Amino acid sequence: AQSVAQPEDQVNVAEGNPLTVKCTYSVSGNPYLFWYVQYPNRGLQFLLKYITGDNLVKGSYGFEAEFNKSQTSFHLKKPSALVSDSALYFCAVRDITGFQKLVFGTGTRLLVSP
Amino acid sequence: GAVVSQHPSWVICKSGTSVKIECRSLDFQATTMFWYRQFPKQSLMLMATSNEGSKATYEQGVEKDKFLINHASLTLSTLTVTSAHPEDSSFYICSARDPGVSYGYTFGSGTRLTVV
């Protein structure tokens, strides 16, 4: 079964510093990977996805992610964090069976301090 | 991109009553809608997948008689929590595949259900 793991419950970073939110995956076949952000009591906002092509994927709000096949990772990155980036981040993988639902990781809370 | 409108944003109901949550695809037809449940500080767990004109497919462990899902049209899917109990209090989110984005998904804004 397709799955993703987010090893960190929370990541703390100072504003202006680079940030990394980790995600590793376990899939059968080619991975279709996604990052979403959630603000309190809100739905999920799409950040970026990897389907095929360049390993470095650029997304919304200055975020990017690097697909690493050998390490089965898809870490989310941003060169310079903003306080407004503080939110809950989910890594997800598309299921290859049935209705192709998204399977989510446990989420990582990002806290950016001023 | 495609928009899914979810209502209500929040609802408080008494134990034993039923609550209906609606998700509408505003500018596209959604043949499939995914319903997720999110507990505080936890991930999204898929409850069921609804398909227009047919019965929903429920995930293992989800009570289909308690969480009634109806997908009567290509633009509307509803989740009804029947005989609600405090343990049903949660954040419910619907999602559909975005036809305008390759392998894209769009999400409703979520419904905070509190059962008292």
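Whatever comes next refers back to the structure up there.
Let me begin by describing the structure that accompanies this report. (Residues numbered from 1 in each chain as written. Chains lettered and ligands numbered in written order. Predicted model: local features only at pLDDT ≥ 70, side-chain atom pairs only at ≥ 80, totals over all residues. Heavy atoms only, no water.)

## Considerations on the overall build of chain A
Broken down by element type, chain A carries 0 helices and 12 strands. Listed by position from the N terminus, the elements making up chain A come as β-β-β-β-β-β-β-β-β-β-β-β. Since a compact globule built from 114 residues should have a radius of gyration of about 13 Å, the 14 Å found for chain A is in line with a globular shape. Referenced to the eigenvectors of the C-alpha coordinate spread, the extents of chain A come out at roughly 45 × 30 × 20 Å. (Helix = DSSP H or I, 4+ residues; strand = E, 2+ residues; numbered from the N terminus. Rg over C-alpha atoms; globule rule 2.2 N^0.38 Å.)

## Overview of the nonpolar core
Trp35(A), Leu47(A), Leu48(A), Phe74(A), Leu76(A) and Tyr89(A) are the most contacted members of the largest nonpolar core, which totals 26 residues. Listed by contribution, the elements that provide at least two residues to this core are strand 2 (10-14), strand 3 (19-21), strand 5 (33-38), strand 6 (44-50), strand 8 (64-68), strand 9 (73-78), strand 10 (87-94) and strand 12 (108-113) of chain A. (Core = buried A, V, L, I, M, F, W, Y, C linked by side-chain atoms within 4.5 Å. Buried < 20%, exposed > 50% of the residue type's maximum accessible area, 1.4 Å probe, protein only.)

## Things to note about the interface of chain A and chain B
Every contact between the two is made by 20 residues of chain A and, on the other side, 24 residues of chain B. Buried surface at the junction of chain A and chain B, summed over both partners, amounts to about 1800 Å²; 60% is from carbon and sulfur atoms. Where chain A meets chain B, there are 0 salt bridges. Summed over the shared surface of chain A and chain B, the number is 7 residue pairs in polar contact (both at pLDDT 80 or more). If you list the elements that add at least two residues to the side of chain A that touches chain B, you get strand 5, strand 6, strand 10 and strand 11 (102-104) of chain A. Class assignment for the residues of the side of chain A that touches chain B results in 10 nonpolar, 6 polar and 4 charged. (Contact = heavy atoms within 4.5 Å. Buried area = accessible area lost by both parts, 1.4 Å probe. Salt bridge = Lys/Arg side-chain N within 4 Å of Asp/Glu carboxyl O. Polar contact = N/O pair within 3.5 Å; in protein donor to acceptor, adjacent residues only side chain to side chain. Nonpolar A, V, L, I, M, F, W, Y, C, P; charged D, E, K, R; others polar.)

## Observations regarding the pairing of strand 9 (residues 90-98) of chain B
Residue and element names in this part refer to chain B. The buried count for strand 9 comes to 8 of 9 residues, which makes it a mostly enclosed element. As defined by bridge partners, strand 4 (residues 32-38) adjoins strand 9 across 6 bridges and the pair is classed as antiparallel. Across the sheet, the residue bridging to Met-33 is Ala-96, located in strand 9. Of the strand pairs in this sheet, strand 9 and strand 11 (residues 111-115) are connected by 3 bridges, and their pairing is antiparallel. The residue bridging Ser-90 from the neighbouring strand is Leu-113, located in strand 11. Direction of pairing for strand 9 relative to strand 10 (residues 104-107): antiparallel, over a ladder of 4 bridges. By the bridge assignment, Arg-97 is partnered in strand 10 with Tyr-105. (Pairing = 2+ DSSP bridges.)

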